Amino acid sequence: MIAAKPNYKKNKAKYAAYKEIIKGYHQKKVKQLIKKYSDGTELAAWDIKIK
């Protein structure tokens with residue numbers, strides 16, 4: 001989970017840093033590691049489709 005204070009967008013440097021962290025986290029390799037180390041019991045949240 002990545003969390004930020006509600007006013008983080010007011011600080012351009014912090015906002016850019018959060019965007020880079022999220023971009024880095026949403027990689028195929030991270031998804032593979034989540035699957036590997038959770039034995040398939042967890043999913044990458046950015047891939048979940050809720051109907």
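Refer to the structure printed above.
These remarks concern the structure in this document.

Calculation criteria
Residues numbered from 1 in each chain as written. Predicted model: local features only at pLDDT ≥ 70, side-chain atom pairs only at ≥ 80, totals over all residues. Heavy atoms only, no water. Buried < 20%, exposed > 50% of the residue type's maximum accessible area, 1.4 Å probe, protein only. Helix = DSSP H or I, 4+ residues; strand = E, 2+ residues; numbered from the N terminus. Expected span 1.5 Å × (residues − 1). Polar contact = N/O pair within 3.5 Å; in protein donor to acceptor, adjacent residues only side chain to side chain. Phe/Tyr/Trp six-rings, centres within 6.5 Å; stacked < 30°, edge-to-face > 60°.

**Quick notes on helix α2 (residues 28-37)**
Right, so step 1: By the criterion of burial, α2 is predominantly exposed, with just one of the 10 residues buried.
Right, so step 2: In the stretch just after α2, aspartate 39 is the one whose phi turns positive, near 55°.

**Details of helix α1 (residues 12-25)**
Because an α-helix packs 3.6 residues into every turn, residues spaced three or four apart end up facing the same way.
Right, so step 1: With 14 residues, α1 ought to run about 20 Å at 1.5 Å a step, and its terminal C-alpha atoms sit 20 Å apart, in line with that.
Right, so step 2: A side-chain oxygen of the first residue of α1 lies 3.0 Å from the backbone nitrogen of alanine 13; this N-cap is asparagine 11.

**Re the environment of methionine 1**
Right, so step 1: Tracing the chain through its elements places methionine 1 in the segment before α1.
Right, so step 2: Along the sequence, methionine 1 and isoleucine 22 sit 21 residues apart, while their C-alpha atoms lie 9.9 Å from each other.

**Section: the packing of aromatic side chains**
Right, so step 1: Counted by the stated rule, this structure contains three aromatic pairs.
Right, so step 2: Pairing tyrosine 8 with tyrosine 15 gives two aromatic rings, centres 5.8 Å apart and planes at 35°, and the pair type is tilted.
Right, so step 3: In this structure tyrosine 15 comes out as partly exposed when scored by relative accessible area, which is 29%.
Right, so step 4: Ring plane angle 70° and centroid distance 5.4 Å describe the contact between tyrosine 25 and tryptophan 46, whose orientation is recorded as edge-to-face. With tyrosine 25 in helix α1 and tryptophan 46 in the segment after α2, this residue pair connects regions lying 21 residues apart in the sequence.
Right, so step 5: Taken together, the ring pairs connect Tyr8, Tyr15 and Tyr18 into an aromatic cluster.

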